[in-house]
Amino acid sequence: MAWDERTKKCPYCSVTLGVDEQKCFSCKRKVGKPNKHGIAEKPFDWMGYSMTIIGTVAFIYFIWWAFLSK
């Protein structure tokens, strides 16, 4: 089945969206450009990865402070 280049599918809920839409009207999540199969790409979660890195660094610092510093 050929993909209609005027639409794309939400990667989270599989609803059909217009190719220019940036947010899914069904699940309210951000969506990116369509891939070669017509499914929208998931945007990179900068906030989630940033908070994970900050939390890991804080945990390592706490371990150093609590157990390894003199």
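What you see is a predicted model; the values in this text were computed from it and never measured. (Residues numbered from 1 in each chain as written. Predicted model: local features only at pLDDT ≥ 70, side-chain atom pairs only at ≥ 80, totals over all residues. Heavy atoms only, no water.)

Participant: Which residues make up the state of the cysteines, and what are the values?
Facilitator: If you walk through the whole model with that rule in mind, you get 0 disulfides. Note on Cys10: no disulfide assigned, nearest cysteine sulfur contributed by Cys27 at a separation of 3.7 Å. (Disulfide = S-S within 2.5 Å.)

Participant: Just give me the short version of the packing of aromatic side chains, but keep the residues and values in it.
Facilitator: Counted under the stated rule, the structure contains 4 aromatic pairs. On the numbers, 4.9 Å between centres and 20° between planes, the contact of Phe44 with Tyr49 is stacked. You can call Tyr49 partly exposed: its relative accessible area is 48%. Relative to Trp64, the ring of Tyr61 has its centre 5.8 Å away and its plane inclined at 35°; by these criteria the two rings are tilted. Within this pair, Tyr61 and its partner Trp64 are both found in helix H1 (residues 46-68), separated by 3 residues, close to a single helical turn. Its relative accessible area of 51% is what places Tyr61 among the exposed residues. Every member of this aromatic cluster is reached through a ring pair, and the members are Phe44, Trp46 and Tyr49. (Phe/Tyr/Trp six-rings, centres within 6.5 Å; stacked < 30°, edge-to-face > 60°. Buried < 20%, exposed > 50% of the residue type's maximum accessible area, 1.4 Å probe, protein only. Helix = DSSP H or I, 4+ residues; strand = E, 2+ residues; numbered from the N terminus.)

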